Amino acid sequence: NVLAQLRREWPGKEYHYLQQNCGHFCAEFSRRLYVPGEIPSWVTMLAETGDWLSQVFGVSLDGSEVEADIDEDIGAHNVLEMLSEDPIVAKNELEWQWA
């Protein structure tokens, strides 16, 4: 059955509040139940944005620093300015730079 499969595939020790959390579980559960339509993007949007920001600013989830992957022409200060004005524009700009 679906729950037995998910129990094996989603052990509690692999819970991750940004990459594999209750929203992700519910989306996967709904997909496996063949719920018609798409799961609303807001179900996992907050976690995905947090994960994206942690990568942009080079902060691992345990608080230690990691190498940020921001091009020199953008710079962290400009990213923060873009985020305060329009987070969607900032995300799109960074995705464009990384493409």
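See above for the structure.
Summarised in this report is the structure supplied together with it.

Rules of the game
Residues numbered from 1 in each chain as written. Predicted model: local features only at pLDDT ≥ 70, side-chain atom pairs only at ≥ 80, totals over all residues. Heavy atoms only, no water. Salt bridge = Lys/Arg side-chain N within 4 Å of Asp/Glu carboxyl O. Helix = DSSP H or I, 4+ residues; strand = E, 2+ residues; numbered from the N terminus. Buried < 20%, exposed > 50% of the residue type's maximum accessible area, 1.4 Å probe, protein only. Phe/Tyr/Trp six-rings, centres within 6.5 Å; stacked < 30°, edge-to-face > 60°.

**Brief notes about the pattern of salt bridges**
Step number 1: One pass over the full model with this rule turns up three salt bridges.
Step number 2: Across the salt bridge formed by Glu28 and Arg31, the nearest N and O atoms sit 2.6 Å from each other. A residue pair is termed a helical-turn pair when its members lie 3 or 4 positions apart in one helix, as Glu28 and Arg31 do in helix H2 (residues 22-32) at three residues.
Step number 3: Note on Arg31: relative accessible area 52%, which makes it exposed.
Step number 4: Taking the shortest distance from any N to any O, the salt bridge between Glu28 and Arg32 comes out at 2.7 Å. With Glu28 and Arg32 both in helix H2, this residue pair falls four residues apart, about one helical turn. Of the two residues, Glu28 and Arg32, neither departs from the other in class, the shared state being buried.

**Describing the packing of aromatic side chains**
The geometry of an aromatic ring pair is captured by two quantities: the separation of the ring centres and the angle between the planes.
Step number 1: Per the stated rule, a full pass over the model turns up two aromatic pairs.
Step number 2: A ring pair is formed by Phe25 and Phe29, whose centres lie 6.0 Å apart and whose planes are at 20°; its orientation type is stacked. Taken together, the residues Phe25 and Phe29, both in helix H2 and four residues apart, mark about one turn of the helix.
Step number 3: Accessibility expressed as a relative area gives 25% for Phe25, which makes it partly exposed.
Step number 4: Counting every residue linked through ring pairs, the aromatic cluster contains Trp10, Phe25 and Phe29.

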